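Descriptive structure summary
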Amino acid sequence: AATEMLIASMIGEISFALLRLSINHAIAHPLGAHFKIHHGLACAIMLPYSLRFNFDYCLDKLPRVAQAMDVKIDGLNDREASMRAIEAIENMISDLNIPKGLKQFGIKQEDVPILAKDAMKSTQLVVNPKPVQQSDIEKILLEAIKY
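Residues numbered from 1 in each chain as written. Predicted model: local features only at pLDDT ≥ 70, side-chain atom pairs only at ≥ 80, totals over all residues. Heavy atoms only, no water.

Here we take up the pattern of salt bridges. Using the criterion set out here, one finds five salt bridges in the structure. Residue Asp 60 pairs with Lys 61 through a salt bridge whose shortest N-O separation is 3.4 Å. Taking relative accessible area as the criterion, Asp 60 reaches 48% and is therefore assigned partly exposed. Where Lys 121 meets Asp 118, a salt bridge forms, and the shortest distance between an N and an O atom there is 3.4 Å. Relative accessible area serves as the criterion here: at 61%, Lys 121 is assigned to the exposed category. On the accessibility criterion, Asp 118 (22% relative accessible area) is partly exposed. (Salt bridge = Lys/Arg side-chain N within 4 Å of Asp/Glu carboxyl O. Buried < 20%, exposed > 50% of the residue type's maximum accessible area, 1.4 Å probe, protein only.)

Okay, unusual backbone geometry next. Trans peptide bonds make up the majority, and among non-glycine residues the majority have a negative phi. With phi around 60 degrees, Asp 70 is a residue other than glycine that occupies positive phi space. Phi is positive for Asn 97, which is not a glycine, with a value near 60 degrees. Checked against the element boundaries, Asn 97 lands in the loop between helix H5 (78-95) and helix H6 (112-119). Asn 97 sits in the exposed class, given a relative accessible area of 69%. (Helix = DSSP H or I, 4+ residues; strand = E, 2+ residues; numbered from the N terminus.)

Moving on to the packing of helix H2 (residues 23-35) against H6. Relative to each other, H2 and H6 sit at 125 degrees, their axes nearing to 8 Å. In this view, H2 runs oblique relative to H6, as classed from their interaxial angle. The crossing of H2 and H6 is right-handed. On H6, the residues that touch Ala 26, Ile 27, Pro 30, Leu 31, His 34 and Phe 35 of H2 are Ile 114, Leu 115, Asp 118 and Ala 119. Partitioning the contact of H2 with H6 into residue classes produces eight nonpolar, one polar and one charged. (Axes fitted to C-alpha atoms, helices over the stretch in contact; angles between N-to-C directions. Parallel < 35°, antiparallel > 145°, perpendicular 65-115°, else oblique. Left-handed = near helix turned anticlockwise from the far one by under 90°. Contact = heavy atoms within 4.5 Å. Nonpolar A, V, L, I, M, F, W, Y, C, P; charged D, E, K, R; others polar.)

This part covers the layout of surface pockets. Taken as a whole, the largest pocket spans an internal volume of roughly 440 Å³. Lining the largest pocket are 21 residues; nearest its centre among them are Ala 8, Gly 12, Ser 15, Gly 40 and Ala 44. Of all the elements in the fold, those that place two or more residues in the lining of the largest pocket are helix H1 (2-19), H2, helix H3 (39-54) and H5. With eight residues, H1 is the largest single contributor of residues to the lining of the largest pocket. Counted by class, the lining of the largest pocket contains 14 nonpolar, seven polar and no charged residues. (1 Å grid on protein atoms, 1.4 Å probe; cavity = no way out; pocket = protein on both sides within 12 Å on 5 of 7 lines; lining within 4 Å. Points joined across faces, edges and corners; volume = space filled by probe spheres on them.)

The following block contains the structure:
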């Protein structure tokens, strides 16, 4: 169990370096404030969504995440290797019985604008690899509340 926690911690730190605590944390903060979702859980749930949003801006980093997770990416281009990294993260989330999305927390479509507005107040967005608009965060949240 300790080894697995160390691996999880390492993957968390890799994601911090990748996203530099950007859109993922910006979204997680209002989820905690409004719906009492533990910050770490909110970050874990939202990580694949955040990675997909930043995908084209992280093609130089995501293949390294795949390698760190022992994902076989030999012969793949950066886009394919990056997609494998996200799939590996999604598989790990599933293996850990972490929810795939936000549906179970009772978040409704009408909650999304205020969550997005609050996320836009985060200074974490300044360092997000891809420019972020409130409408982007709304789209991410709308996707996440489906699951």
